[in-house]
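The chain contents come next:
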Amino acid sequence: MSTASLARTELAPENRSWYKRNEISVTPWLFMAPAILFFLVYVIIPIFQSFEISLFSWDGLGPREYIGTENYVELWDDPAFYTSLKNNLIWLILYLLAIPAGLFIALFLNQTVFGIRLYKSLFFFPFVISQVVVGLVFTWFYDPTFGLFNTVIGWVGLGPINVLGDPTYVTYGIIAAGLWPQTAYCMILYLTGLNAVDPEQIEAARLDGAKGWKMLWYVVVPQLKPATFIAFVVTIIGALRSFDLISVMTNGGPFGESRVLSFYMFEVALSEYGFRMGYGAAIAVVLFIIMLFFIAYFLYSMYQDERGR
């Protein structure tokens, strides 16, 4: 057999190894395998463990006692749980303001004007600093004795107001602190999306007489759907799992009025007065179901949009 014939025989599909025959489809999975493994170990498995632990009475160290759905029954009659749930809903509604705010800031920063790089840096700054730092800055900002907030409202004859010490205002004050970096994050998403807007569609709309709000609503915003989807999902998850700012600014006070579900879960499961792992897991399950509902809804909406194209 000639050398050429031998080479053709070795390269025939039936003579190649299984990996060589499936190299194009298998190689991406090999690269993703470490990330998938970590995701399973640190995300998926703990979710199922939370469901399991919520059916037990357990302090985290000693033996577990199976109690069925008693933790969920207790949640039903727990006023602190309803306070946390109410605050989470307030967070969810008001936190969504970051999306239109981020869009309009991105539209401003997308202009070609003098000093735009400086403006971009100033608006980008809140995104890169820690939530703990944001919490400390706003704690000083709201301080009733020397805070800038009370100084400003004093100029118009109001105050002083102890924002973080008043049950009426505390949740709204913390949400305002959270909106600062969240708006910066949405702004970055929309700036990226604006770079992908088709200039030919913009020019065609201008020739048809579209401008201002009509141009924005009918031409620009539809092309920003991917960025809007990510902004909605990330903002909703951020609102539902808010913990850092509450821990730094109020530690759940005053009188537990600034609690949210994630912080209440920490209090009952891991704080010095807690160690009720089963009850904390039950709160975590409720929070997970709420998140799952919103994420599933947005994924379904995006799927319907893709099918309609």
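Right above here is the structure, for reference.
Parameters and conventions
Residues numbered from 1 in each chain as written. Predicted model: local features only at pLDDT ≥ 70, side-chain atom pairs only at ≥ 80, totals over all residues. Heavy atoms only, no water. Helix = DSSP H or I, 4+ residues; strand = E, 2+ residues; numbered from the N terminus. Rg over C-alpha atoms; globule rule 2.2 N^0.38 Å. Buried < 20%, exposed > 50% of the residue type's maximum accessible area, 1.4 Å probe, protein only. Patch = residues over 30% accessible without salt bridge, like charges linked within 9 Å, V, L, I, M, F, W, Y side chains within 5 Å. Areas by Shrake-Rupley, 256 points an atom, 1.4 Å probe, with all protein chains shown as cover. Salt bridge = Lys/Arg side-chain N within 4 Å of Asp/Glu carboxyl O. 1 Å grid on protein atoms, 1.4 Å probe; cavity = no way out; pocket = protein on both sides within 12 Å on 5 of 7 lines; lining within 4 Å. Points joined across faces, edges and corners; volume = space filled by probe spheres on them. Nonpolar A, V, L, I, M, F, W, Y, C, P; charged D, E, K, R; others polar. Polar contact = N/O pair within 3.5 Å; in protein donor to acceptor, adjacent residues only side chain to side chain. Contact = heavy atoms within 4.5 Å. Expected span 1.5 Å × (residues − 1). Phe/Tyr/Trp six-rings, centres within 6.5 Å; stacked < 30°, edge-to-face > 60°.

1. Looking at the overall build of the chain
Helices and strands together make up the secondary structure of the chain, namely 16 helices and two strands. For a compact globule of 309 residues, the expected C-alpha radius of gyration is about 19 Å, and the chain comes in at 26 Å, more than 25% above that figure. Counting only C-alpha atoms and orienting by the principal axes, one finds that the chain spans roughly 95 × 70 × 35 Å. Residues classed as buried in the chain amount to 36% of the 309 residues present.

2. A few points about a nonpolar patch on the surface
Nonpolar side chains collect at one region of the surface, where Trp29, Met32, Ile36, Leu37, Phe38, Phe39, Leu40, Val41, Tyr42, Val43 and Ile45 lie side by side and expose about 1,100 Å² of accessible area between them. For Val43, the position within the fold is in helix α3 (residues 23-53).

3. Some remarks on the layout of surface pockets
Each pocket or cavity is described by its volume, and for the largest pocket that value is around 520 Å³. Lining of the largest pocket is provided by 22 residues; of these, Val221, Leu224, Lys225, Thr228 and Phe229 occupy positions nearest its centre. Elements with a contribution of two residues or more to the lining of the largest pocket: α6 (98-109), α12 (213-223), α13 (225-240) and α16 (277-308). Of the residues assigned to the lining of the largest pocket, the class counts are 16 nonpolar, two polar and four charged.

4. As for helix α11 (residues 199-207)
Among the residues of α11, the N-terminal cap falls to Asp198, whose side-chain oxygen and the backbone nitrogen of Glu200 are separated by 3.1 Å. Positive backbone phi, approximately 95°, marks Gly209, located one or two places after α11.

5. Here's the deal with the side chain of Asn71
One can find Asn71 in helix α4 (residues 70-76). On the accessibility criterion, Asn71 (3% relative accessible area) is buried. If we skip the residues at most four places from it in the chain, Asn71 touches Ser54, Phe56, Arg276, Gly278, Tyr279 and Ala282.

6. Let's talk about helix α8 (residues 131-142)
Spanning 12 residues, α8 covers 16 Å between terminal C-alpha atoms, matching the ideal 16 Å at 1.5 Å per step. Elements that come into contact with the buried residues of α8 comprise α9 (148-154), α10 (170-194) and α14 (244-249).

7. Points about the packing of aromatic side chains
Per the counting criterion, the structure on display carries 18 aromatic pairs. Between Phe81 and Tyr82, the aromatic rings sit 5.5 Å apart at their centres with planes inclined by 70°, giving edge-to-face as the arrangement. The exposure class of Tyr82 is partly exposed, given its relative accessible area of 35%. Ring geometry for Phe243 and Phe266: centres 5.4 Å apart, planes at 80°, overall edge-to-face.

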